[in-house]
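Notes for the structure review
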Amino acid sequence: MSYFDAIPAIRYEGPESQSALAFRHYDADRLVLGKSMQEHLRFAVCYWHTFVWPGSDVFGAGTFQRPWHAPAEPMAQARAKADVAFDFFSRLGAPFYTFHDTDVAPEGNNLAEYRNNFAAMLEVLAQKQEETGIRLLWGTANCFSNPRYAAGAASNPNPEVFAYAATQVFTALNATHQLGGANYVLWGGREGYDTLLNTELKREREQLGRFMQMVVEHKHKLGFKGTILIEPKPQEPTKHQYDYDSATVFGFLQQFGLEKEIKVNIEANHATLAGHSFQHEIATAVSLGIMGSIDANRGDTQNGWDTDQFPNSVEELTLALYEILKGGGLGNGGFNFDAKVRRQSLDAEDLFHGHVGAMDALALALERAARLLENDLLAQFKARRYAGWDSDFGRQILAGQLSLQDLAQLAIQRDLHPQAVSGRQEYLENMVNRAIFG
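Here we summarise the structure given alongside this text. Just so we're clear, the structure is a prediction, and the values are computed from it rather than from any experiment.

1. Let's talk about the overall build of the chain
A tally of helices and strands in the chain yields 16 helices and 12 strands. Against the compact-globule benchmark of 22 Å for 438 residues, the chain has a radius of gyration of 24 Å, which places it among compact chains. Within the chain, buried positions represent 49% of all 438 residues. For the chain, the proportion of contacts with a sequence separation of at least 24, taken over those separated by at least 6, is 76%. Surface exposure of the chain reaches about 21,000 Å², of which carbon and sulfur atoms provide 51%. Of the side-chain charges in the chain, 39 are positive and 53 negative, and the distance between the mean point of each set is 4 Å.

2. As for the pairing of strand β10 (residues 262-267)
Among the 6 residues of β10, 5 are classified as buried, and the element is accordingly described as predominantly covered. As paired elements, strand β8 (residues 227-230) and β10 share 3 bridges and run parallel to each other. Paired with I228 across the bridge in β10 is I262. By the bridge criterion, 4 bridges tie β10 to strand β11 (residues 291-295) in an arrangement that is parallel. Its bridge partner being in β11, E267 is matched across the sheet by D295.

3. Looking at helix α3 (residues 74-92)
The terminal C-alpha atoms of α3 lie 27 Å apart, and with 19 residues this matches the ideal 27 Å at 1.5 Å per residue to within 8%. Taken together, the buried positions of α3 are M75, A78, K81, A82, V84, A85, F86, D87, F88, F89, R91 and L92. The secondary structure elements touched by the buried residues of α3 are β3 (43-46), α2 (47-52), β4 (96-100), α4 (101-104), α5 (111-132) and α12 (348-374). You can read the cap of α3 off the contacts: a side-chain oxygen lies 3.1 Å from the backbone nitrogen of M75, and it is on E73. Positioned one or two residues after α3, G93 has a phi angle of 85 degrees, which is positive.

4. A few points about the pattern of salt bridges
Evaluation of the coordinates by the stated rule reveals 14 salt bridges. Between E367 and R30 there is a salt bridge, with the nearest N and O atoms lying 2.3 Å from each other. Of the two residues, E367 is situated in helix α12 and R30 in the segment before β1 (31-32); the sequence distance between them amounts to 337 residues. For R91, the salt bridge identified is with D87, shortest N-O distance 2.8 Å. Separated by 4 residues within a single helix, R91 and D87 lie in helix α3, roughly one turn from each other. For R91, a relative accessible area of 16% corresponds to the buried category.

5. Remarks on empty space enclosed by the protein
Scanning the entire structure with this criterion turns up 3 cavities of 30 Å³ or more. By volume, the largest cavity is sized at about 240 Å³. Lining the largest cavity are 22 residues, with L186, W187, G188, E191 and M212 positioned closest to its centre. Among the secondary structure elements, those contributing two or more residues to the lining of the largest cavity are β6 (183-186), α7 (201-222) and α8 (246-255). Split into classes, the residues belonging to the lining of the largest cavity amount to 16 nonpolar, 3 polar and 3 charged.

6. Some words on α5
Over its 22 residues, α5 extends 31 Å from the first C-alpha to the last, a length consistent with the 32 Å expected when each residue adds 1.5 Å. Those residues of α5 hidden inside the fold are in contact with α2, α3, β4, α4, β5 (135-140) and α6 (159-178). For α5, the side-chain oxygen to backbone nitrogen distance between the N-cap and A112 is 3.1 Å, and the N-cap itself is N110.

7. Overview of the packing of aromatic side chains
By the definition in use, this model includes 25 aromatic pairs. A centroid spacing of 5.7 Å and a plane angle of 80 degrees characterise the contact between F51 and F88, whose relative ring orientation is edge-to-face. Linking F51 in helix α2 with F88 in helix α3, this pair joins segments that are 37 residues apart in sequence. A single burial state applies to F51 and to F88, both of which are buried. Between F51 and F89, the ring centres sit 5.8 Å apart and the planes meet at 75 degrees, which makes this aromatic pair edge-to-face. Of this pair, F51 sits in helix α2 while F89 sits in helix α3; the two residues are 38 residues apart in sequence, bridging distant segments of the chain. F89 carries the same exposure label as F51, and that label is buried. The residue whose ring lies beneath K340 is W53, and the NZ or CZ to ring-centre distance is 4.5 Å. Here the guanidinium or amino end of R424 rests over the ring plane of Y427, the centre of that ring lying 4.2 Å away.

8. Concerning the sheet that holds β5
The strand order around the closed barrel built from 8 strands is β3-β4-β5-β6-β8-β10-β11-β12, with neighbouring strands paired in parallel fashion. Averaged over neighbouring strand pairs, the angle between their axes works out to 30 degrees when direction is ignored. In this sheet, strand β12 (residues 335-337) lies alongside β3 in parallel orientation, the contact comprising 3 bridges. Across the sheet, the residue bridging to A44 is N336, located in β12. With respect to the sheet, α8 is in contact with β8 and β10, its orientation differing from that of β10 by roughly 165 degrees.

Parameters and conventions
Residues numbered from 1 in each chain as written. Predicted model: local features only at pLDDT ≥ 70, side-chain atom pairs only at ≥ 80, totals over all residues. Heavy atoms only, no water. Helix = DSSP H or I, 4+ residues; strand = E, 2+ residues; numbered from the N terminus. Rg over C-alpha atoms; globule rule 2.2 N^0.38 Å. Buried < 20%, exposed > 50% of the residue type's maximum accessible area, 1.4 Å probe, protein only. Contact = heavy atoms within 4.5 Å. Areas by Shrake-Rupley, 256 points an atom, 1.4 Å probe, with all protein chains shown as cover. Lys, Arg positive; Asp, Glu negative; His and termini not counted. Charge placed at Lys NZ, Arg CZ, Asp CG, Glu CD. Pairing = 2+ DSSP bridges. Expected span 1.5 Å × (residues − 1). Polar contact = N/O pair within 3.5 Å; in protein donor to acceptor, adjacent residues only side chain to side chain. Salt bridge = Lys/Arg side-chain N within 4 Å of Asp/Glu carboxyl O. 1 Å grid on protein atoms, 1.4 Å probe; cavity = no way out; pocket = protein on both sides within 12 Å on 5 of 7 lines; lining within 4 Å. Points joined across faces, edges and corners; volume = space filled by probe spheres on them. Nonpolar A, V, L, I, M, F, W, Y, C, P; charged D, E, K, R; others polar. Phe/Tyr/Trp six-rings, centres within 6.5 Å; stacked < 30°, edge-to-face > 60°. Lys NZ or Arg CZ within 6 Å of the ring centre and 35° of its normal. Axes fitted to C-alpha atoms, helices over the stretch in contact; angles between N-to-C directions.

Here it is in structure tokens:
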């Protein structure tokens, strides 16, 4: 008996459907701008929130009674978790999944046990992928939960901790390659500081830079064709994290010569924690050439922490997808649901409600973003607004043909009197709303 036996396979039934367990907008094969919805969105289910988290928080124990959480021999528990995970992926119709190393295999008491357990579970995962056709969007290593990482992994003051983390990443990257993963993610969960009183910023930044260089070096040695991704986050669990946002990550990558090697995996809730909008972080990454993949979720405006709720705002998602589509799409990235049901959502079907609603919201947003692009009033307005920079005068400035002194002389000679021009924000906001709701 499967934990999800009472749940039917989720199908597209159309906007008029009254079923809570059916897609109303996500039709995987529907073409949008010449590509299917499935190709555009590349949905993935994460292992950690969906099958590992027991429903606990800092104030209370787990509320979920999942059979695979019951005390058992660790490898037997890992196999049971894989059974239920792939059953869920298949019933939902998600083409991809994601994991941390210790989500899928027991960590063990030492590195030898860790590697043996992981190797055994790789065989299980490879068989599940073969049986279902479900693929790995990305893998990663959990270098933040174990107490050894309390002071960071690559940024740790102890080089032995650095080496331990390197072993985990080495093993997880190899596993991702073996499973045909499309990307590999590096989230610096504790790469930051709690106080500057005990922290050498320059040293820790250099350690982190060298670690990233080593990962890229191994990627090429291994022959891994996927993309290495860094996931920005401003704080939590540390007070300040070194991968604060997309712009910060780009500066870091430039410092260590990695801007052509690593891209970003942008999480919506991390963007808002950094004081940005989801659209801003995506637009920034696209403009810098480092847009890679998405962790789809949302925060709660009344909370100041990472609540990892399922995305449900079509307005917000439309603007995010508009930026993604204008940037050429996600390539081998995708929309990974780094989201979890609430502690009080105890039933098996709640896991489906969260994912179905989010997939429908993103499908609807994809259609609305395509509508924005069909007669791209925003792009047309921007072209007119910046037209001066496409003139001979503007091109000469950017090409370095005019010095500061040259410009000062020209401005005086021409008796320049430039006037402010309306930015027409309200008009543009109305045009966006027409595309979404019209």
